[in-house]
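Single-letter residue listing:
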Amino acid sequence: MIAIDQMTQGSPPPGFTFAKTGRGGEGAWTVNADKTATGGRAIEQTSTDRTDYRFPLAIHESLSASNLNVEIRFKAVAGKIDQAGGIAVRLRDADNYYVARANALEDNVRFYRVVDGRREQLGGANLKVTPDEWHTLGLRAEGERFTVSYDGKTLFGVTDQTFTEAGARSGPKPTA
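Residues numbered from 1 in each chain as written. Predicted model: local features only at pLDDT ≥ 70, side-chain atom pairs only at ≥ 80, totals over all residues. Heavy atoms only, no water.

**Digging into the overall build of the protein chain**
Here comes step 1: The number of helices and strands found in the protein chain is zero helices and twelve strands.
Here comes step 2: Helices and strands appear in the protein chain in the N-to-C order β-β-β-β-β-β-β-β-β-β-β-β.
Here comes step 3: Here the C-alpha atoms of the protein chain give a radius of gyration of 15 Å, agreeing with the 16 Å that 2.2 N^0.38 yields for 176 residues.
Here comes step 4: Judged by the C-alpha coordinates and their principal axes, the protein chain covers about 40 × 40 × 30 Å.
Here comes step 5: The burial tally for the protein chain puts 40% of its 176 residues in the buried class.
Here comes step 6: For the protein chain, restricting intrachain contacts to residue pairs at least 6 apart in sequence, the fraction spanning at least 24 positions comes to 55%.
Here comes step 7: Each charge class in the protein chain was averaged separately, 22 positive and 22 negative side chains, and the resulting centres sit 1 Å apart. (Helix = DSSP H or I, 4+ residues; strand = E, 2+ residues; numbered from the N terminus. Rg over C-alpha atoms; globule rule 2.2 N^0.38 Å. Buried < 20%, exposed > 50% of the residue type's maximum accessible area, 1.4 Å probe, protein only. Contact = heavy atoms within 4.5 Å. Lys, Arg positive; Asp, Glu negative; His and termini not counted. Charge placed at Lys NZ, Arg CZ, Asp CG, Glu CD.)

Now the structure itself:
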């Protein structure tokens, strides 16, 4: 459990490193007040960069595991290109990882494998992802099996063996 309510409002969230897959500028991550959030605060990606194929990442530094069950609460509030929340696992660096993502502009939940910065869809479901409402996105990784859930309901499972090791504990490493 990450204690966002204990973080300093208006500052980047401590215990995170930041990265970006794709083009455009880096993301801008800030702890902001949100009376609808648990504890009254949320971590928000506030950059307005409209570059297509740009995926800002906030990576929590305290967890590194290959098998895990992760759940996040997210609220899509703005964005012309994407209004999404996601979970990245087995992150080697900013260009190599798995990600489950829910997008309010596209009304879908997808599971991708990102290799050398190129995203490939491995599974997905089309469903309503309402903006300005809190949702829960879950990802369970066990060996080569991944299970994605949304708002408490299992949506789909995927099998893949591309990344089998635990992700980087301190976030992505710069690549040459």
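**Focus: the sheet that holds strand β7 (residues 96-103)**
Here comes step 1: In spatial order, the strands read β6-β7-β8-β9; together these four strands make up an open sheet with antiparallel pairing. Single-partner strands in this sheet number two, and they are β6 (84-93) and β9 (118-126). On average, adjacent strands in this sheet sit at an angle of 15° to one another, irrespective of strand direction. (Pairing = 2+ DSSP bridges. Axes fitted to C-alpha atoms, helices over the stretch in contact; angles between N-to-C directions.)

**Let's talk about the pattern of salt bridges**
Here comes step 1: Within this structure, the stated rule accounts for seven salt bridges.
Here comes step 2: The salt bridge partner of Arg101 is Glu106, with a shortest N-O separation of 3.3 Å.
Here comes step 3: Given the relative accessible area of 7%, Arg101 is considered buried. (Salt bridge = Lys/Arg side-chain N within 4 Å of Asp/Glu carboxyl O.)

**Some remarks on the pairing of β9**
The side chains of a regular strand alternate, first on one face of the sheet and then on the other.
Here comes step 1: Bridge analysis of strand β8 (residues 108-115) against β9 gives eight bridges, and the strand direction is antiparallel. Residue Asn108 lies in a different strand from β9, and its bridge partner there is Asn126.
Here comes step 2: Hairpin connection of β8 to β9: two residues between the antiparallel strands, including Asp116 at a positive phi of 50°.

**Digging into the environment of Arg50**
Here comes step 1: Counting through the fold element by element, Arg50 comes out in the loop between β3 (41-45) and β4 (54-60).
Here comes step 2: The exposure class of Arg50 is exposed, given its relative accessible area of 56%.
Here comes step 3: Once residues lying within four places of it in the same chain are set aside, the contact partners of Arg50 are Lys80 and Ile81.

**Concerning the sheet that holds strand β10 (residues 135-142)**
For sheets, the rule is that strands pair by backbone hydrogen bonds, running either parallel or antiparallel.
Here comes step 1: Read from one edge of the open sheet, four strands run β5-β10-β11-β12, paired in antiparallel fashion. Only two strands of the sheet have a single partner each, and these edge strands are β5 (68-74) and β12 (153-159). Neighbouring strand axes in the sheet, compared pairwise and without regard to direction, differ in orientation by 15° on average.
Here comes step 2: Bridge count for β5 against β10 is seven bridges, and the pairing is antiparallel. For Glu71, the partnering residue across the bridge sits in β10 and is Gly138.

By themselves, these observations are geometric and do not establish any function.
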